[in-house]
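Results of the structural survey
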Amino acid sequence: MAYGMGFLYGIGAQILFFIVTIVLIVWFVKNSNKKVNNAKDILDNRLAAGEIEKKQYISLLKIINAEEKK
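Residues numbered from 1 in each chain as written. Predicted model: local features only at pLDDT ≥ 70, side-chain atom pairs only at ≥ 80, totals over all residues. Heavy atoms only, no water.

**Some details on the pattern of salt bridges**
To keep it simple, the criterion reads: Within this document, salt bridges are pairs made up of a side-chain nitrogen of Lys or Arg and a carboxyl oxygen of Asp or Glu, the two lying within 4 Å of each other. Here a helix means four or more residues in a row that DSSP labels H or I, a strand means two or more in a row labelled E, and each is numbered from the N terminus. Remark: exposure states derive from per-residue accessible area (1.4 Å probe, protein chains only) relative to the maximum for the residue type, with buried under 20%, exposed over 50%, and partly exposed in between.
Counting across every chain of the model gives two salt bridges. The shortest N-O distance in the salt bridge between D44 and K40 comes to 3.1 Å. You can see D44 and its partner K40 sitting in helix α2 (residues 39-49), four residues apart, about one turn around the helix. Residue E51 pairs with R46 through a salt bridge whose shortest N-O separation is 3.2 Å. On the basis of relative accessible area, E51 is assigned to the exposed category, the value being 53%.

Rendered as structure tokens:
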């Protein structure tokens, strides 16, 4: 009789394993969808937020484009 509970622990461990696996897969999928901003996107956002003026934007954009061509 003492050995009869062993299969319950095995089933519990399998259920726990599947729950942890599903949670990790969902977490990975959610975090992998984040878009990485490139320099031009950051520059566009700064212009839209009013952090820089159009003259600065154009000069920085020229620098970015020159660096990308290298």
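Text resumes after the structure shown.
**Here we look at helix α3 (residues 54-69)**
Put simply, the rule reads: Take the residue count of a helix, subtract one, and multiply by 1.5 Å to get its expected span. Here, the arc refers to the directions that run from the helix axis to the C-beta atoms. Pairs of residues are marked as contacts when any of their non-hydrogen atoms sit within 4.5 Å.
Over its 16 residues, α3 extends 22 Å from the first C-alpha to the last, a length consistent with the 22 Å expected when each residue adds 1.5 Å. Among the residues of α3, those classed as buried are Y57, L61 and I64. Mapping the buried residues of α3 onto a view down its axis gives an arc of 65°, with all of them on the same face. Away from its buried face by more than 90 degrees, α3 exposes K55, K62, I63 and K69. Elements that come into contact with the buried residues of α3 comprise α2.

**So, the environment of L61**
In this fold, L61 is placed in helix α3. In the structure, L61 is positioned 18 residues away from L43 in sequence and 7.7 Å away in space, judged by C-alpha atoms. If sequence neighbours within four positions are ignored, L61 has contacts with K40 and L43.

**What to know about the environment of L16**
Within the element layout of this structure, L16 appears in helix α1 (residues 6-32). Considered as a pair, L16 and D44 are 28 residues apart in the sequence and their alpha carbons are 46 Å apart.

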